[in-house]
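Working through the structure, step by step
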Amino acid sequence: MTVGRGIGYGDLIDLLAKELQSFPQAKWVVEKVSGLDNTSIGLLLKDQVPLYLIDEAKELVRRVKEGEPIQYVLESWDFRYLRLAINRSVLIPRPETEVVAGFVIDEIRQRCENLEDAVSKDVGIDRRYLRVVDLGTGSGAIALSIAKEIDIRFDIEVVATDLSQEALEVAKTNLETLDFPQQKRVQFMQGFWFNPLDDYISAVDIIVSNPPYVSQSQYDELDKCVKDFEPKVALFASDEGMSDLIYIASNAAKYLKDDGMLVLECAPEQIEPLVNFLEQANYSDVESHLDLSLRPRFVSGRIRAAS
Ligand SMILES: C[S@@+](CC[C@H](N)C(=O)[O-])C[C@H]1O[C@@H](n2cnc3c(N)ncnc32)[C@H](O)[C@@H]1O
């Protein structure tokens, strides 16, 4: 790439866009190296870019052209209302998971309003708080969206777990971008699925997870940019990609309160076996839900109250 001296921000974006064959990516690269936001760059299009910034931008473009996902190159990605810091120890948050988080947020709102209603009518309910667990939180995408988006007047606790300590470090960094009262809602725990949750037996209102669910044959077929850069522990699961889904579905009931809900993201072809499994286990109202591309993408079920 040849970029001349004395070049303005607008020209730099145009040149990088040709290299990357993507105008948005070129703009993000210039935002990243300059520390300027979209609006500020718009006001500075004709201003000269310092030479060292041009060199930094060229280096980022080189990495993208060599196949590194733009999200890791930028070290951040947007998820719902959050700009999440990311690195190679966490999965790049996906748009389908935004829908899963949105569903859970709606469910929490509904439950909080019902609780508030019951408390105001004084029907013997003496608690207002609700506890949610996000298993395998990665960058914290789901857990932190919940903490951010649920009205602060509702008393909620969000427990975010992961096997990977490195992933939890990323999630903790992202927690710091929330307002202080939202931050106080979240706690992190490290360990294998339910292992850190000994103190939460029959104590959780909603368990949500986007666990690894890619089978070995699908993993082998994944784009090189996924296989070479994203952590395998975040993607791959044995038994046709079902092992973690079934493990979570089998063990969640112990931690859920009566009427507690389990929400699991999975691949479209895993919906049917997962729905069947939940219906035969202790769940009622088992439903599948679509993602933004209208593919079935996650399931929800309520724990059946003991009769
Ligand atoms: C598909 S990623 C989801 C990350 C994040 N929740 C999201 O939706 O972007 C799965 C996450 O589960 C974690 N994980 C994998 N196996 C685990 C286990 N046995 N126990 C706890 N977490 C696990 C991975 O480290 C990874 O962060």
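Values in this document were obtained by computation on a predicted structure and should not be read as measured data.

**Quick look at the domain arrangement of the protein**
It is common to give the size of an interface as the accessible area lost on bringing the parts into contact. If you check the domain split of the protein, you get domain 1 (9-66) and domain 2 (95-303). Domain 1 and domain 2 are separated by 37 Å when their C-alpha centres are compared.

**With respect to helix H4 (residues 51-65)**
Count 3.6 residues to each turn of an α-helix, and residues three or four apart come out pointing the same way. The first and last C-alpha atoms of H4 sit 21 Å apart over 15 residues, in line with the 21 Å expected at 1.5 Å per residue. For H4, the full list of buried residues reads Leu53, Ile54, Ala57, Leu60, Val61 and Val64. Mapping the buried residues of H4 onto a view down its axis gives an arc of 125°, with all of them on the same face. Where H4 is buried, its residues touch helix H1 (9-20), helix H2 (23-34) and helix H5 (70-74).

**Re the site of the ligand**
If you check the shell around the ligand, you find 17 residues, and the closest are Gly136, Asp162, Trp193, Asn210 and Ala234. Gly136 places a main-chain nitrogen or oxygen 2.8 Å from a nitrogen atom of the ligand. One of the backbone nitrogen or oxygen atoms of Leu163 is found 3.1 Å away from a nitrogen atom of the ligand. Contact with the protein chains hides 97% of the accessible area of the ligand, taken as 590 Å² for the molecule alone. In the shell around the ligand, the residues fall into nine nonpolar, seven polar and one charged.

**A closer look at the pattern of salt bridges**
In the structure shown here, the tally under the stated rule is 20 salt bridges. Between Glu149 and Arg80 there is a salt bridge, with the nearest N and O atoms lying 2.7 Å from each other. Of this pair, Glu149 sits in helix H7 (residues 141-149) while Arg80 sits in the loop between strand E1 (76-79) and strand E2 (82-85); the two residues are 69 residues apart in sequence, bridging distant segments of the chain. Judged by its relative accessible area of 13%, Glu149 is buried. The residue Asp291 makes a salt bridge to Arg297 at a minimum N-O spacing of 3.2 Å. Each member of the pair, Asp291 together with Arg297, is buried. Connected through shared salt-bridge partners, Glu107, Arg111, Asp259, Asp285 and Arg302 make up one network.

**Overview of the environment of Leu163**
Within the element layout of this structure, Leu163 appears in the loop between strand E4 (156-162) and helix H8 (165-175). Residue classification places Leu163 among the partly exposed positions, given a relative accessible area of 45%. Separated by 109 residues in the primary sequence, Leu163 and Ile54 have C-alpha atoms spaced 39 Å apart. Filtering out sequence-adjacent residues up to four positions away, Leu163 remains in contact with Gln190, Gly191, Phe192 and Val233.

**Things to note about the side chain of Ser139**
Mapped onto the fold, Ser139 is located in the loop between strand E3 (130-135) and H7. Sequence-distant contacts of Ser139, that is, excluding residues within four places in its chain, are made with Leu84, Ala85, Ile86, Val90, Pro93, Leu144, Val170, Ala171 and Asn174.

**Some points on the packing of aromatic side chains**
A full pass over the atoms with the stated rule returns four aromatic pairs. Taking 5.3 Å as the distance between ring centres and 90° as the angle between the ring planes, the aromatic pair formed by Trp28 and Trp77 counts as edge-to-face. Here Trp28, found in helix H2, pairs with Trp77, found in strand E1; they are 49 residues apart in sequence, far enough to count as distant. According to the relative accessible area criterion, Trp28 is partly exposed, its value standing at 30%. A centroid spacing of 4.8 Å and a plane angle of 10° characterise the contact between Phe194 and Tyr255, whose relative ring orientation is stacked. Here Tyr255 lies in the loop between helix H12 (243-251) and strand E7 (256-265) and Phe194 lies in the loop between strand E5 (186-190) and strand E6 (204-209), a separation of 61 residues in the sequence. The residues Phe194 and Tyr255 share a single accessibility class, namely buried. Against the face of Tyr129 rests Lys257, its NZ or CZ located 5.8 Å from the ring centre.

**Re H12**
Of the positions making up H12, those classed as buried are Ser243, Asp244, Leu245, Ile248 and Ala249. On the buried face of H12, the contacting elements are E3, E6, E7, helix H13 (271-280) and strand E8 (283-290).

**Focus: the nonpolar core**
Formed by 42 residues in total, the largest nonpolar core has its most connected members in Val104, Ile108, Leu144, Ile146, Ile156, Phe188 and Val263. Looking at this core element by element, the count peaks at eight residues for helix H6 (residues 95-120). Sequence-distant contacts of Val104, defined by excluding residues within four places in its chain, comprise Ile146, Ile206, Val208 and Val263. The next biggest cluster of nonpolar side chains, apart from the first, holds 31 residues, and it includes Met189, Leu197, Leu262 and Val275.

Basis of the calculations
Residues numbered from 1 in each chain as written. Predicted model: local features only at pLDDT ≥ 70, side-chain atom pairs only at ≥ 80, totals over all residues. Heavy atoms only, no water. Domains from an automatic or database assignment. Helix = DSSP H or I, 4+ residues; strand = E, 2+ residues; numbered from the N terminus. Expected span 1.5 Å × (residues − 1). Buried < 20%, exposed > 50% of the residue type's maximum accessible area, 1.4 Å probe, protein only. Arc of directions from axis to C-beta. Contact = heavy atoms within 4.5 Å. Near = heavy atom within 4 Å. Polar contact = N/O pair within 3.5 Å; in protein donor to acceptor, adjacent residues only side chain to side chain. Areas by Shrake-Rupley, 256 points an atom, 1.4 Å probe, with all protein chains shown as cover. Nonpolar A, V, L, I, M, F, W, Y, C, P; charged D, E, K, R; others polar. Salt bridge = Lys/Arg side-chain N within 4 Å of Asp/Glu carboxyl O. Phe/Tyr/Trp six-rings, centres within 6.5 Å; stacked < 30°, edge-to-face > 60°. Lys NZ or Arg CZ within 6 Å of the ring centre and 35° of its normal. Core = buried A, V, L, I, M, F, W, Y, C linked by side-chain atoms within 4.5 Å.

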